[in-house]
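# Structural description and commentary
The lines below spell out each chain.
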Amino acid sequence: MRTTRLTLQVALPATALLCFCLLPNLAMAADLDGGSLSALWGIPFIGLLLSIALGPLLFEHFWHQHFGKIALVWAVLFLAPFALAFGIYGAAAGAVHALLAEYIPFIALLTALYVVAGGICVRGNLHGTPALNTGLLALGTLLASVMGTTGASMLLIRPLIRANDNRKHAVHIVVFFIFLVANAGGALTPLGDPPLFLGFLKGVDFFWTMQHIFPETAFICVALLAIFYFLDRHYYHNKEEERLPVLDPTPDSRIRFEGKFNFILLLVVIALVLMSGFWKPGIEFSIMGTPVALQNLLRDVALLLVILVSLWRTPAAARQGNDFTWGPILEVAKLFAGIFVTIIPVIAMLRAGEAGAFGFIVRAVSGPDGQPINAMYFWVTGILSSFLDNAPTYLVFFNTASGDAKTLMTTLSSTLAAISAGAVFMGANSYIGNAPNMMVKAIAQDRGIKMPSFFGYMLWSLAILMPLFIVMTFLFFI
């Protein structure tokens with residue numbers, strides 16, 4: 001089909017340019033010659049990661065008051081020398097590309113799912129037994145591929161915490177919720193997890209992941225649910241201090257829903273994503289060299305309308321019942337803005353392949369004959385997804401393997417399966433591996449649960465997830 005392009009020449013004043021440059025940016029890395037970059041360009045990114053890891057441990061109160069400013073400082077420490085080295089216009093064009101081609105689709109879908117799911121209030125309370133908790137985790141795991149890991153997490157984390165608010169040992173419940181609902185459960189559709197959505201935007205069929213990584217998803221989810229049940233059963237039955245010596249603050253009562261109109265809006269979100277993937281009118285607008293397809297523009301505008309309709313039509317009592325605030329998604333937005341800015345040179349160096357400063361990583365995923373090593377794609381994609389955020393990491397190895405969706409879905413289908421599984425499943429390895437991780441952590445802390453530190457959470461993931469990933473490697477990727 002012939003594509004119609006309309007070009008708009010946009011002049012940006014200095015203040016607008018600064019705003020654009022501070023937005024999350026993946027696309028600039030695509031035009032940057034990573035082969036010419038020194039590894040020193042990665043210092044701001046590493047500094048931000050260390051700040052996220054150590055800030056809550058060393059200066060907790062200051063961190064929670066100023067984490068956005070800290071992320072901004074690291075972003076500026078990268079952007080200022082970057083603009084000097086590569087020019088202001090190039091930085092502006094790259095920022096516009098990131099805004100229009102990557103950031104708006106990403107944040108529009110994430111916010112729509114957050115707002116819509118946050119408008120569905122589950123009233124009533126059930127008693128948090130091991131069987132009930134396992135059932136709620138299983139339900140959330142199933143819903144994650146339908147309404148996204150963000151939507152399923154926002155819908156169920158509060159009812160799960162409320163069901164267990166008379167138990168002293170509840171940290172493990174939230175940790176396994178992050179493993180399952182905020183990550184592994186979203187592996188079957190592009191709606192489920194951000195990296196798969198980006199793959200969908202690149203041309204991967206909507207149902208491809210369901211067809212090709214269902215066995216891997218079933219393995220990890222069933223194994224985690226079984227481990228959780230026996231661990232929760234241990235705490236529930238064997239700890240004398242498990243039940244607090246006070247009345248349950250939320251006695252058991254029948255379950256009912258408020259804000260049910262938002263279920264319709266969830267269907268609208270699903271329909272919009274499907275529309276953008278299947279309807280290709282061939283009309284594009286070019287803004288500073290960035291093509292914006294008509295179907296994507298309509299999808300993102302419609303998602304904004306969905307957000308506004310949800311805020312308008314949802315009864316105030318429903319959002320109050322959920323203790324809905326903008327805090328969790330603002331925290332994610334601020335920290336990931338810094339991550340996506342400072343990650344620009346890291347992504348560029350990875351894209352440069354063996355010519356880049358991180359060429360040893362690229363060499364690790366290919367054999368001497370140049371053929372992909374699926375087990376290495378699974379592990380390298382997964383480990384980097386634990387710290388670089390799984391969405392940009394997925395794109396890096398999507399392009400490293402081929403970059404062509406048709407080739408990856410057919411000839412290299414096992415490689416794309418390894419990349420997809422690594423990005424989705426290992427996004428649970430740290431708080432910054434996937435956006436919902438930090439949302440769930442923030443909500444749990446607001447409800448009085450003392451969540452593990454950055455490294456404390458990683459001890460959980462190393463002990464529980466890593467052995468399962470090793471088994472999965474031998475079962476599916478060798």
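Note that this is a predicted model, so its numbers are computed, not measured.

The pairing of strand β4 (residues 283-287) with strand β5 (residues 290-293) spans four bridges and is classified as antiparallel. Looking across to β5, one finds that serine 286 is bridged to proline 291. Taking the residues that link successive antiparallel strands as the turn, the β4-β5 hairpin has two residues, and the phi of methionine 288 there is positive, at about 50 degrees.

As a further point, take the side chain of threonine 415. Note that threonine 415 resides in helix α20 (residues 413-425). Each residue touching threonine 415, except ones within four places of it in the same chain, is listed here: Pro372, Asn374, Tyr377 and Ala401.

Quick look at the pattern of salt bridges now. Applying the stated criterion across every chain yields a total of two salt bridges. Between arginine 167 and aspartate 232 there is a salt bridge, with the nearest N and O atoms lying 2.8 Å from each other. A residue pair is termed long-range when its members are at least 10 positions apart, and arginine 167 in the loop between α6 (130-163) and α7 (171-180) and aspartate 232 in helix α10 (residues 214-238) qualify at 65 residues. Aspartate 232 matches arginine 167 in its accessibility class, with the two residues each being buried. A salt bridge links arginine 299 to aspartate 300; the shortest N-O distance between them is 3.0 Å. For the pair arginine 299 and aspartate 300, a shared accessibility class is recorded, and that class is buried.

Once that is clear, we can look at the environment of isoleucine 339. Among the structural elements, isoleucine 339 can be located in helix α14 (residues 327-342). Along the sequence, isoleucine 339 and alanine 75 sit 264 residues apart, while their C-alpha atoms lie 7.9 Å from each other.

Along helix α3 (residues 43-58), the largest kink reaches about 35 degrees and is centred on isoleucine 52; proline proline 56 follows within four residues of it. When α3 is considered as a whole, its buried residues turn out to be Pro44, Phe45, Gly47, Leu48, Leu49, Ser51, Ile52, Ala53 and Gly55.

Of all residues in the chain, 87% have pLDDT values of 70 or greater, and the mean over the chain is 81. For the chain, per-element mean pLDDT is lowest for helix α1 (residues 14-21), which scores 36, and highest for α7, which scores 95.

Following both chains from N to C, one finds helix α8 (residues 194-201) and helix α18 (residues 390-401) inclined at 40 degrees, their axes separated by 7 Å at the closest point. Between α8 and α18, the interaxial angle falls into the category oblique. α8 and α18 meet at a crossing whose hand is right-handed. Across from Pro194, Pro195, Leu196, Leu198 and Gly199 in α8, the residues of α18 making contact are Asn390, Ala391, Tyr394 and Leu395. Here the residues of the contact of α8 with α18 sort into seven nonpolar, two polar and no charged.

We now examine the packing of α14 against helix α21 (residues 435-446). At a minimum axis separation of 9 Å, α14 and α21 run at an interaxial angle of 135 degrees. Taken as axis vectors, α14 and α21 run oblique relative to one another. Where α14 crosses over α21, the two elements pack in a sense that is right-handed. In contact with Pro328, Ile329, Glu331, Val332, Leu335 and Phe336 of α14, α21 contributes Ala435, Met438, Met439, Ala442 and Ile443. Partitioned by chemical class, the residues of the contact of α14 with α21 number ten nonpolar, no polar and one charged.

To continue, consider a nonpolar patch on the surface. There is a patch of nonpolar side chains on the surface, built from Ile46, Leu50, Leu54, Leu57, Leu58, Phe59, Phe62 and Phe455 and spanning about 750 Å² of accessible area. For the nonpolar patch, the leading source of residues is α3, giving five residues. With respect to the helices and strands, the residue leucine 54 is situated in helix α3. Owing to a relative accessible area of 31%, leucine 54 belongs among the partly exposed residues under this scheme.

Within this structure, the stated rule accounts for 24 aromatic pairs. Residues phenylalanine 378 and phenylalanine 469 carry aromatic rings whose centres are separated by 6.1 Å and whose planes lie at 80 degrees to one another, so their mutual orientation is edge-to-face. Here phenylalanine 469 lies in helix α22 (residues 454-477) and phenylalanine 378 lies in helix α17 (residues 374-388), a separation of 91 residues in the sequence. With a relative accessible area of 0%, phenylalanine 378 lands in the buried category. Summarising the aromatic geometry, the rings of phenylalanine 454 and phenylalanine 455 are spaced 5.5 Å apart at their centres and angled 90 degrees between planes, so their arrangement reads as edge-to-face. Overall, phenylalanine 455 belongs to the partly exposed group, its relative accessible area being 40%. In this structure an aromatic cluster arises from ring pairing among Phe219, Phe378, Trp379, Phe469, Phe476 and Phe477. Directly above the ring of phenylalanine 324 sits arginine 319, whose terminal nitrogen or CZ lies 4.7 Å from the centroid. The side chain of lysine 441 reaches across the aromatic face of tyrosine 431, ending 5.2 Å from its centre.

The terminal C-alpha atoms of α14 lie 23 Å apart, and with 16 residues this matches the ideal 22 Å at 1.5 Å per residue to within 8%. Taking burial as the measure, the 16 residues of α14 include twelve buried ones, the bulk of the element. The set of residues buried in α14 consists of Pro328, Ile329, Glu331, Val332, Leu335, Phe336, Ala337, Gly338, Ile339, Phe340, Val341 and Thr342.

Our next topic: the side chain of arginine 158. Here arginine 158 is to be found in helix α6. For arginine 158, a relative accessible area of 3% puts it in the buried group. Filtering out sequence-adjacent residues up to four positions away, arginine 158 remains in contact with Asn322, Asp323, Phe324, Ile443 and Arg447.

Cut-offs and rules
Residues numbered from 1 in each chain as written. Predicted model: local features only at pLDDT ≥ 70, side-chain atom pairs only at ≥ 80, totals over all residues. Heavy atoms only, no water. Pairing = 2+ DSSP bridges. Helix = DSSP H or I, 4+ residues; strand = E, 2+ residues; numbered from the N terminus. Contact = heavy atoms within 4.5 Å. Salt bridge = Lys/Arg side-chain N within 4 Å of Asp/Glu carboxyl O. Buried < 20%, exposed > 50% of the residue type's maximum accessible area, 1.4 Å probe, protein only. Bend = angle between axes of the 7 residues up to and from the residue. pLDDT = per-residue confidence, 0-100. Axes fitted to C-alpha atoms, helices over the stretch in contact; angles between N-to-C directions. Parallel < 35°, antiparallel > 145°, perpendicular 65-115°, else oblique. Left-handed = near helix turned anticlockwise from the far one by under 90°. Nonpolar A, V, L, I, M, F, W, Y, C, P; charged D, E, K, R; others polar. Patch = residues over 30% accessible without salt bridge, like charges linked within 9 Å, V, L, I, M, F, W, Y side chains within 5 Å. Areas by Shrake-Rupley, 256 points an atom, 1.4 Å probe, with all protein chains shown as cover. Phe/Tyr/Trp six-rings, centres within 6.5 Å; stacked < 30°, edge-to-face > 60°. Lys NZ or Arg CZ within 6 Å of the ring centre and 35° of its normal. Expected span 1.5 Å × (residues − 1).

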